[in-house]
Amino acid sequence: MPLWLDMLRTPMAAPETADLRRLRRIWQLLCLLLGVSVLALQPLLRLIGGAAPCAIAALLVAALLTTALYLARKHRADSAFLDAAGEDQ
């Protein structure tokens, strides 16, 4: 069988669970908020003063931690799914 055909038949990822979907949406929201807050730094500085950089740093840390958590859980789910798919064949 040609490699490209074999790759088309190979499952690539586990179906997304409700928990993974929620975590992915939280991660996307954090990334969006981080981008908006960086773009709106001047208005934020006028609005909340010196706390603006701290709030942006907190968003950055939250986004980084959520990224690591999501990637770990997604990798674990994909590995379990692919292992189970390999056992069926």
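Every value quoted in this text rests on a predicted model; they were computed, and no experiment measured them.

1. Describing the UniProt feature "transmembrane region" (unreviewed entry) in the protein chain
The feature "transmembrane region" (unreviewed entry), as annotated in UniProt, sits at residues 50-72 in this numbering. Along residues 50-72 the backbone is 96% helical and 0% strand, and the end-to-end C-alpha distance reaches 34 Å.

2. As for the environment of proline 53
With respect to the helices, strands and loops of the structure, proline 53 is situated in helix α4 (residues 51-88). In sequence terms proline 53 and serine 37 are 16 residues apart; their C-alpha atoms lie 9.3 Å from each other.

3. Considering the packing of aromatic side chains
In this description, a pair of aromatic rings is defined by centroid distance and the angle of the planes. On inspection of all chains with the given rule, the structure shows 1 aromatic pair. Taken together, a centroid distance of 6.5 Å and an interplanar angle of 10° make the contact between tryptophan 27 and tyrosine 70 stacked. Taken as a pair, tryptophan 27 in helix α2 (residues 18-39) and tyrosine 70 in helix α4 lie far apart in primary sequence, 43 residues in all. Residue tyrosine 70 is classed as buried on the basis of its relative accessible area of 12%.

What counts and how
- Residue numbers run consecutively from 1 along every chain, following the written order of its sequence.
- In keeping with the predicted nature of the model, local features appear solely for residues at pLDDT of at least 70, side-chain atom pairs appear and are counted solely at 80 or more, and the whole-chain, interface and lining totals rest on all residues.
- As a convention, hydrogens and water are excluded, and side-chain values are obtained from all of the structure's heavy atoms.
- UniProt positions are given in the numbering used here, feature names are shortened, and annotations may be inferred rather than shown by experiment.
- The numbering of helices and of strands both runs from the N terminus, where a helix is a DSSP run of H or I of at least 4 residues and a strand a run of E of at least 2.
- When two rings of Phe, Tyr or Trp (its six-membered ring) have centres within 6.5 Å they constitute a pair, described as stacked for plane angles under 30 degrees, edge-to-face for angles over 60, and tilted for the intermediate range.
- Between buried and exposed lies partly exposed: a residue is buried under 20% and exposed over 50% of the maximum accessible area for its type, with that area taken using a 1.4 Å probe on protein chains only.

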